[in-house]
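# Inside the fold
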Amino acid sequence: MLELLVILVCIGILVSGVLAVWLSNLLAAMISAGLSSLFAAVSYVLLAAPDVAMAEAAIGSGLATLIFLYTMRKTDGGREP
Amino acid sequence: MKRVCAILAVLMFAAMFLGLVQAYSERQARSPLAEYYLTQVPRELGAPNVVTGILITYRGFDTLGEVAVLFMVAAAVGVLLGSKKEQRAKTSSTDGKGPSELVRTGAEVILPLIFLFGAYVIMNGHLSAGGGFQGGAVVASGVMLLILAMPASKLDHGFLSVTESLAGVLYVSIGILGIIIADGFLDSHVLPLGKFGTLLSAGAIPLISALLGIKVGAELSVVIDRFRS
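Here, residues in each chain are numbered from 1, in the same order as that chain's written sequence. Naming scheme: in the order in which they are written, chains are lettered from A and ligands are numbered from 1. Since the coordinates come from a predicted model, pLDDT governs what is reported: local features require at least 70, and pairs of side-chain atoms require 80 or more to be given and counted, while whole-chain, interface and lining totals use all residues.

## Quick notes on the overall build of chain B
Our working definition: Helix numbering and strand numbering both begin at the N terminus, where a helix is a DSSP run of H or I of at least 4 residues and a strand a DSSP run of E of at least 2. Note on method: radius of gyration uses C-alpha positions; expected globular size equals 2.2 Å times residues raised to 0.38. Any residue surrounded by 20 or more other C-beta atoms within 10 Å of its C-beta is treated as buried, while 12 or fewer makes it exposed and the intermediate range makes it partly exposed; C-beta atoms here are placed from the backbone. By definition, residues are in contact whenever their C-beta atoms, placed on the basis of the backbone, come within 7 Å of each other.
Helix and strand counts for chain B stand at nine helices and zero strands. Secondary structure elements of chain B occur, N-terminal to C-terminal, as α-α-α-α-α-α-α-α-α. Rg of the C-alpha trace for chain B: 22 Å, well past the compact-globule value of 17 Å for 229 residues, more than 25% over. Expressed along its principal axes, the backbone C-alpha trace of chain B runs to roughly 60 × 55 × 35 Å. The proportion of buried residues among the 229 residues of chain B is 31%. Excluding contacts between residues fewer than 6 apart, the proportion of contacts in chain B whose partners are at least 24 apart in sequence is 71%.

Structure (C-alpha cells):
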C-alpha cells in the first residue's frame, strides 16, 4: 500500500516536472513546478522524513513559486515584445 | 541539433542513474553511525527528536554555514533589488485592483494560525518534527500570505534586519560560550539538560532553535518583500 502510494507520488513529481518544462503558458508552468515540489514534500512524509518535508513544502512550493510570480509580474511575463 | 544535444544529455543522466538504481538494495541493518545517533542522541543531548539534535549540536557548524548562505542570499537580493525600492513603493501600492474579498477574509482567519504553527514548530524542534529552520520557513510563508492578501501592508526592513543580526550574533555567542564552559563550539550543554521530553530541556537546543527560527523567518521575509516592490 505504502509502496503504491510512493510510486503514485513519484509519477506525480515526474508529470508535473515535465509539464513545467512543456507548458508555454508561464503561469501554468510556474504552478506546475510548485506542484512537483509539493509532491516531493509528500514523498518525504511517506518516506518518514517530516523535518525535510516541512522545509520543502514551505520553501519549495511556497516561497519559490511566489518569487517566480513576482519576477514574472516585474518582467513582461515571457511575452514576445 | 539542439534537440539531439538535449536527448544526449538525458541519455547520459539515464546512464548515470541506471548504475545507482541497479546497485540499490534496501538496507537490512543500520549503519554504525546511525546506530550511534539513535541510541546516544536521546541520552547525551536529551532530545527525543534525533534529527534536530544532530542538526543543532553534532552538525551545528554546518547549520551555521547554512544560515550564513541564507544571509548572503538576503544581502545579495538587497543589493540587486533594494536600491530602487523607495520610489517604486509609492507607485506599486496604488496600482491595480486588490485581492478579492475571499482571499482577504481567508487570510485574516488563517494568518494567526500559520504564525502560531511556525512558533510551535520552532519551539518544539527538539521534541517533534521541525526545528528552527523549518519553523522560520513556515513563518516566512505566513508573511508571504500577508503580502499577497494585503498588498498595502509594509514590512519594516530596518527592524527585521536588526532582529536578524541580533539573532545571528546571539547564536554565534552561544557557540563561543560552548567553547568556554562546555565541550566545544556550539555544544548544547551550555544549559542544563533538564527533564527528558519537556519543553525546556535538551540544553541550549530550544534556545538555538528559537534564534535560528527568528533569523530564517526574518531573512526570508525580507527576500520576498524585496521581490515584491
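Back to the write-up after that little detour.
## Description of helix H8 (residues 157-181) of chain B
Residues and elements named next belong to chain B. Using the following cut-off: Expected span of a helix: the number of residues minus one, times 1.5 Å.
Over its 25 residues, H8 runs 36 Å from end to end, which matches the ideal 36 Å to within 8%, given 1.5 Å per residue. When H8 is considered as a whole, its buried residues turn out to be Glu164, Ala167, Gly168, Tyr171, Ile174 and Gly178. Looking at the buried residues of H8, the elements they touch are helix H4 (60-81) and helix H9 (205-228).

## As for the interface of chain A and chain B
Where the parts come together, the accessible area they lose is often given as the size of the interface. Condition: The nonpolar class holds Ala, Val, Leu, Ile, Met, Phe, Trp, Tyr, Cys and Pro. Asp, Glu, Lys and Arg form the charged class, and all remaining residues, Gly among them, are polar.
Contact with chain A, which involves 12 residues of that partner, is made by 16 residues of chain B. When grouped by side-chain class, the residues that make up the side of chain A that touches chain B number nine nonpolar, two polar and one charged.

## Topic: the packing of helix H6 (residues 101-123) of chain B against helix H7 (residues 132-149) of chain B
Two quantities define a packed helix pair, namely the angle between the axes and the distance from one axis to the other. Residue and element names in this part refer to chain B. Note the following rule: A fitted line through C-alpha atoms serves as each axis, taken over the contacting stretch for helices, and the angle formed by two N-to-C directions is quoted from 0 to 180°. Small angles under 35 degrees read as roughly parallel and large ones over 145 as roughly antiparallel, with 65 to 115 read as roughly perpendicular and the rest as oblique. The hand of a helix crossing depends on one turn: near helix anticlockwise from the far one by less than a right angle means left-handed, and clockwise means right-handed.
Running from amino to carboxyl end, H6 crosses H7 at an angle of 165°, the nearest separation of the two axes being 8 Å. Judged by the inter-axis angle, H6 sits roughly antiparallel to H7. When you trace H6 past H7, the crossing you get is left-handed. Packed against H6, whose contacting residues are Val103, Arg104, Ala107, Ile110, Leu111, Ile114, Phe115, Phe117, Gly118, Val121 and Ile122, the element H7 presents Gly132, Gln134, Gly135, Gly136, Val138, Val139, Ser141, Gly142, Leu145, Leu146 and Ala149 at the interface. Each residue belonging to the contact of H6 with H7 can be placed in one class, and the counts come to 14 nonpolar, seven polar and one charged.

## Some points on the packing of H6 of chain B against H9 of chain B
Residue and element names in this part refer to chain B. Here H6 crosses H9 at 140°, and the two axes come no closer than 8 Å. If you check the angle between H6 and H9, you find them oblique. Contacts between H6 and H9 involve Gly118, Ile122 and Met123 from the former and Pro206, Ser209, Ala210, Gly213 and Gly217 from the latter. Its residues placed into classes, the contact of H6 with H9 shows four nonpolar, four polar and no charged.

## Details of the environment of leucine 127 of chain B
All names here are of chain B. Residue position: leucine 127 is located in the loop between H6 and H7. Classification of leucine 127 as partly exposed rests on a count of 18 C-beta atoms within 10 Å. When the C-alpha atoms of leucine 127 and phenylalanine 196 are compared, they prove to be 9.4 Å apart, with 69 residues separating the residues in sequence. Contacts of leucine 127, omitting those with residues within four sequence positions, involve Pro48, Asn49 and Gly197.

Interpretation in functional terms is not warranted from these geometric data alone.
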